[in-house]
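These are the residues of each chain, in order.
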Amino acid sequence: MKITERVEVESVVDVTCDVCDTSTRIEESGYQFGTLQAHWGYGTQHDGERYEMHLCEHCFFQALANLKEQRRVEHMFSDDPQEHSNDLGLVARSDFFKESGP
Ligand SMILES: [Zn+2]
């Protein structure tokens, strides 16, 4: 026997940037956004706090530029070329089909 009932289902209808509030939807490819997330644990000043931000392409790369600048300042006197790399956080290039993992 099938028992039917009208059920309200919540679904994602848009993903907006948490910084500039624009939609991250791109006509050709759906939602395109970067995620900044953290779940702080025992021993940290923010123990138990969870963060998740969705960033549009522009705001993601603006945040990345800010982090690169902070990194540059913190390693200003280092001779290690790795610490002066411009690829902070980059794990793959030409990975059009997300083949290199999560
Ligand atoms: Zn944005």
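Calculation notes
- Along every chain, residues carry numbers that run from 1 in the direction the sequence is written.
- Only residues with pLDDT of 70 or above have their local features reported here, since the model is predicted, and side-chain atom pairs are shown and tallied only from 80 upward, although totals for entire chains, interfaces and linings are computed over all residues.
- To obtain the side-chain values, all non-hydrogen atoms of the structure were included, while hydrogens and water were left out.
- Only nitrogen, oxygen and sulfur atoms count as donors, using a 2.8 Å cut-off from the metal that widens to 3.2 Å for Na, K and Ca. Water is left out, so coordination shells may look unfilled.
- Every geometry call rests on angle ranges, with four donors termed tetrahedral when all angles are between 85 and 135 degrees, four termed square planar and six termed octahedral when opposite donors are over 155 degrees apart and all others are between 65 and 115, and everything else termed irregular.
- Classification of residues uses two cut-offs on accessible area relative to the type maximum, computed with a 1.4 Å probe and protein chains only: under 20% is buried, over 50% is exposed, and between them is partly exposed.
- Salt-bridge detection follows one rule: a side-chain nitrogen of Lys or Arg within 4 Å of a carboxyl oxygen of Asp or Glu.
- Starting at the N terminus, helices and strands are each numbered in turn, a helix being any DSSP run of H or I of at least four residues and a strand any DSSP run of E of at least two.
- Two joining distances apply to patches: 9 Å for like charges and 5 Å for nonpolar side chains (Val, Leu, Ile, Met, Phe, Trp, Tyr), and every residue must have over 30% relative accessible area and no salt bridge.
- For the accessible areas, the method is Shrake-Rupley and the probe is 1.4 Å, while residue cover comes only from the protein chains on display.
- Residue contacts follow a heavy-atom distance rule, with two residues in contact if any of their heavy atoms lie within 4.5 Å.

Draft legend 1. Here's a closer look at the coordination of the zinc ion. Around the zinc ion, the protein contributes the donor atoms Cys 17 (SG), Cys 20 (SG), Cys 56 (SG) and Cys 59 (SG), which lie 2.3 Å from the metal centre. Geometry at the zinc ion is tetrahedral, judged from the 4 donor atoms that bind it and their angles of 105 to 114° at the metal. Motif for the zinc ion, donor spacing along one chain: C-x2-C-x35-C-x2-C. Judged by relative accessible area, which is 35%, Cys 20 ranks as partly exposed.

Draft legend 2. Representation of the pattern of salt bridges within the structure. In the structure shown here, the tally under the stated rule is 2 salt bridges. Of the charged contacts, one joins Arg 72 and Glu 69 as a salt bridge, the two residues approaching to 3.0 Å between their closest N and O atoms. Taken together, the positions of Arg 72 and Glu 69, both in helix α1 (residues 57–74) and 3 residues apart, correspond to about one turn of that helix. Judged by its relative accessible area of 42%, Arg 72 falls in the partly exposed class. Of the residues examined, Glu 69 reaches a relative accessible area of 39% and is grouped as partly exposed. Note that Arg 93 is salt-bridged to Asp 87, the shortest N-O span being 3.1 Å. On the accessibility criterion, Asp 87 (37% relative accessible area) is partly exposed.

Draft legend 3. Main features of a nonpolar patch on the surface. A surface patch of nonpolar side chains, amounting to about 270 Å² of accessible area, comprises Val 12, Tyr 31 and Phe 33. Among the structural elements, Val 12 can be located in the segment before β1 (25–26).

Draft legend 4. A look at unusual backbone geometry. Its identity is not glycine, yet Asp 21 carries a phi of approximately 70°, on the positive side. For Asp 21, the location among the structural elements is in the segment before β1.

Draft legend 5. Highlighting the environment of His 39. As for its placement among the helices and strands, His 39 is situated in strand β3 (residues 34–39). Given a relative accessible area of 56%, His 39 falls into the exposed group. Distance from His 39 to Tyr 51, taken between C-alpha atoms, is 6.3 Å for residues 12 residues apart in sequence. With near-sequence residues (within four places) excluded, His 39 lies in contact with Glu 49 and Arg 50.

From the geometry alone we can't say anything about function, so treat these as descriptive.
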